[in-house]
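Analysis of the macromolecular model
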Amino acid sequence: MLGKTLTNKQACVGSKPAGVKMAPVALRAPKVARQCVVRASMKPEAAGAAARAVSTAAAAVEAPVESASAAKLSPVEMWNGNKRLQTQVLPLAQNTIAIRSLDYDRDRFDIEFGLEKGTTYNAYLIFGETHTALVDASHEKFSNLFIATLKQELAAAGRSIDYILVSHTEPDHSFLVPAVLDLYPEATVVASKVAIAFLKGLTNRDFKNQAVKGGDKIDLGGGHVMEFVMAPNLHWPDTMFSYDHATGVMYTCDAFGMHYCTEEPFDTDVQAIMPHYRFYYDCLMKPNAKSVTTALRKVADLKYNTLANGHGPILRYNVEQLVTNYRDWSMAVEKGSTQVAVLYAADYGYSDRLSQTLAKGITKAGVKTEMVDVLSVDPQELVGIMAASKGLVLMAPPSGNTEAKRTMAALLSAIKPKTKVIVADSYGGSDEPVDTLVAGLLGVDAQVLGDALRVKEEPTHMLYQAFEEAGTDLAQAFEEAGTDLAQALTTKEVIARKKAAMCGEVAKALGRISSGLYIVAAAQDNARSGMVASWVSQASFEPLGLTISVAKDRAIESMMQVGDKFVLNCLGEKGADPIMKHFLKRFAAGEDRFQGVEWFPACGNQGPVLKDAIAYMECQGVEWFPASGNQGPVLKDAIAYMECQVVSRLETPDHWVTYAHVTGGEVMNSDERTAVHRRKVGNYY
């Protein structure tokens, strides 16, 4: 599967990633100034932890051990003929180097996780005075490059490997651990107890190992004392952090990461990385918000200055800001009064990925989740979780598994009557039949919502979309009197709640702001989505740009991340009602919103364009990426359409304000004017 190797010069044709130009660390010291003000609004304990992190970060940057300009790049290697791979080695701290596996062109991380900027898999070597430790490994596709780079760096240092610190066992970080053990069979694998068990199952081999728990330490010599912090569910149940007391570097694997691949190894441009950092958090960490806040409490007294993550730029210059973001985002989720327990089987089929997708849909609607691995959870812990949960997502566990049977027995004894439940396949090859699971839950008076989510083939983008929407439907079902797996609150309840939040006269004044009526349409691979929009406005002349406000729990929101394309269809005064009626109706999770609507594909964009629109606009971001796959629908009944690509997003309490550049469009009915939407009050649509 691996193809020919290119030189750096050859790899640079038409792109930039191949050449690394980095200023010495000392030249970047002013970046730290942005961190040095601890916000007065922080709680005292949070401010204290942030101040400690800032002071140590500043000290590290003011007195750099080595220059980042010493980074070395391997030749570029091609994967599957058109994907560029490369390793980058650079000094990170005293006696410490980073080995970054650069996956420039990866456009999907699994299928549900779209990427605009590729990703990296970060590993680290710590050369203690007496022992050497490797922190994590790399992805299967880097079998040649990573192992060659690792051998080269160890040979140059005259070292072998004594310890392999496995932060968690997801294959993108641990797949090459067996290959490393083949080269260094005397190395001891250090990980959480759960990770050791998972790794043995993955490798089907025996190896020297040491299971550690929170507070345990290993001395590598020369002050490099590694202290371990258990951080389960960030985002796997076996996750741990490792903190080096000599350097102040904390190795966090997936936590504080992002899918973002450039030649810059550090967080020097926080504005550029922030959309990717937030999207990564929303997809993987937000469903585990409680675990995030717990982990942050555990590390509050550690004087870390660098967060050596597993994906994307290493965090060195904006540590306080980015850690505070995690804290604030997670605390906002934790304030919710409603919790859903999401039970899945780690490292079994698609259970973890599909469960994360369901959880993402749930948290979009403002409901918090508790992720629970049925293969490792303590039964008593599960009893406590279910006591606090109003809802349950149950992914089918592996049939015949002893741990899963024990967990299911505890679940059926602990679940409260009328708990709302979604049951779903895991597509692991030996799933417990979902009909059997549903029967067991009905037998203890649980309220199973709709039919079980069945997976009959390898999940596609459309299936992931259906799972996310099912999660949102579940979250919205808690205040509904019936059992329908659909929108939860009645119109009367929604209006009453919104009216109560705003002064009556102010609401009437705000309602005098009129707007047009539009259908926003987007498509990715084999999935499409659309919604009625009225909060739309032109935002710039050069380049042409517009803004659209999208509620956080809208299904289409996941298709309107930075870099995503969509189509804005304008509705005419005469033909708006039938289209509005269609798109305002309830749709089942995963249902094609364009079924029964005439449309044709936009050019250079995947968003649907309505055939009866009077005009359309095509929007894009700063960088242009050629369209691929099915072209998006233009609605036949629209009077115009615009093709768009998201440039940035501004978060409000209940909406995302999306800014997009416009690159194309067409008026299809010049005789008709855009439909106007007028309201009497401003606290509902």
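Calculation rules
Residues numbered from 1 in each chain as written. Predicted model: local features only at pLDDT ≥ 70, side-chain atom pairs only at ≥ 80, totals over all residues. Heavy atoms only, no water. Helix = DSSP H or I, 4+ residues; strand = E, 2+ residues; numbered from the N terminus. Buried < 20%, exposed > 50% of the residue type's maximum accessible area, 1.4 Å probe, protein only. Areas by Shrake-Rupley, 256 points an atom, 1.4 Å probe, with all protein chains shown as cover. Contact = heavy atoms within 4.5 Å. Polar contact = N/O pair within 3.5 Å; in protein donor to acceptor, adjacent residues only side chain to side chain. Pairing = 2+ DSSP bridges. Axes fitted to C-alpha atoms, helices over the stretch in contact; angles between N-to-C directions. Parallel < 35°, antiparallel > 145°, perpendicular 65-115°, else oblique. Left-handed = near helix turned anticlockwise from the far one by under 90°. Nonpolar A, V, L, I, M, F, W, Y, C, P; charged D, E, K, R; others polar. pLDDT = per-residue confidence, 0-100. Core = buried A, V, L, I, M, F, W, Y, C linked by side-chain atoms within 4.5 Å.

The number of helices and strands found in the chain is 17 helices and 33 strands. Per-residue burial for the chain yields a buried fraction of 58% across its 685 residues. Accessible area for the chain stands at about 27600 Å²; split by element, carbon and sulfur atoms hold 53% of it.

With respect to the secondary-structure elements, Asp425 resides in the loop between strand 19 (420-424) and helix 13 (434-443). In this structure the C-alpha to C-alpha distance between Asp425 and Ser351, which are 74 residues apart in sequence, comes to 7.7 Å. Apart from residues no more than four positions distant in its own chain, Asp425 is found in contact with Leu354, Met395, Ala396, Asp431, Val434, Leu453, Arg454, Val455 and Phe467. Side-chain polar atoms of Asp425 contact the backbone nitrogen of Val455, separated by 2.9 Å.

A few words now on the sheet that holds strand 15 (residues 306-309). Paired through their backbone hydrogen bonds, the strands of a sheet run either parallel or antiparallel. A sheet is described by the order of its strands in space; here five strands give the open sequence 11-12-13-14-15, paired in mixed fashion. Two strands bound the open sheet, and with one partner strand each, they are strand 11 (217-219) and strand 15. Taking each pair of neighbouring strands and ignoring which way they run, the sheet shows an average axis angle of 25°. As defined by bridge partners, strand 11 adjoins strand 12 (residues 225-230) across three bridges and the pair is classed as antiparallel. Counterpart to Asp219 in the pairing with strand 12 is Val225.

A few words now on the packing of helix 10 (residues 351-364) against helix 14 (residues 461-475). Remark: helix 10 packs on helix 14, axes separated minimally by 7 Å, with the N-to-C direction vectors making an angle of 45°. On the basis of the axis angle, helix 10 is oblique to helix 14. Relative to helix 14, helix 10 is oriented so that their crossing is right-handed. Facing helix 10, whose interface residues are Arg353, Leu354, Thr357, Leu358, Lys360, Gly361, Ile362 and Lys364, helix 14 presents Leu463, Tyr464, Phe467, Glu468, Ala470, Gly471, Thr472, Leu474 and Ala475. A breakdown of the residues in the contact of helix 10 with helix 14 according to their chemical character gives nine nonpolar, four polar and four charged.

Let us look at unusual backbone geometry. The omega angle of the peptide bond from Leu234 to His235 is 0°, so this bond is cis rather than trans. One can find His235 in the loop between strand 12 and strand 13 (240-244). With an omega of 0°, the peptide bond running from Glu542 to Pro543 counts as cis. Examined against the element boundaries, Pro543 turns out to sit in the loop between strand 24 (536-540) and strand 25 (545-551).

Let us look at the confidence of the model for the chain. Per-residue confidence for the chain gives a mean pLDDT of 82, with 80% of residues at or over 70. Across residues 1-68 the pLDDT falls below 50, and counting only partners more than four positions away or on other chains, this stretch makes 125 contacts in the model.

Let us look at the side chain of Asn233. Relative to the helices and strands, Asn233 is located in the loop between strand 12 and strand 13. Not counting residues within four places of it along the chain, the set of residues in contact with Asn233 comprises Asn288, Ser291, Tyr344 and Met371.

Looking now at the sheet that holds strand 17 (residues 368-373). If you walk across this open sheet you meet the five strands as 17-16-18-19-20, and the pairing is parallel. The strands lining the two open edges of the sheet, one partner per strand, are strand 17 and strand 20 (447-448). When strand 19 meets strand 20, the two strands line up parallel, connected through two bridges. Pairing of Lys420 across the sheet is with Gln447, part of strand 20. The sheet strands contacting helix 11 (residues 379-387) are strand 16 (339-344), strand 17 and strand 18 (391-395), and the helix crosses strand 16 at an angle near 145°.

The next subject is the side chain of Arg649. In this structure, Arg649 sits in strand 31 (residues 638-651). Reaching out from Arg649, the side chain makes a polar contact with the backbone oxygen of Met560 at a distance of 3.4 Å. A polar contact of 3.4 Å, which involves the side chain of Arg649, links it to the side chain of Gln561. Once you skip the residues sitting within four places of it in the chain, Arg649 turns out to touch Glu557, Met560, Gln561, Val562, Trp656, Val657 and Thr658.

We now examine the nonpolar core. Counting 35 residues, the largest nonpolar core has Phe241, Phe256, Tyr277, Met285, Tyr304 and Tyr326 as the members making the most contacts within it. Of all the secondary-structure elements, those providing two or more residues to this core are strand 13, helix 7 (270-285), helix 8 (289-298) and helix 9 (319-334). When residues of this core are assigned to their parent elements, the largest contribution, 10 residues, is made by helix 7. With near-sequence residues (within four places) excluded, Tyr326 lies in contact with Ala255, Phe256, Gly257, Tyr277, Tyr280, Tyr281, Met285, Val292 and Leu296.

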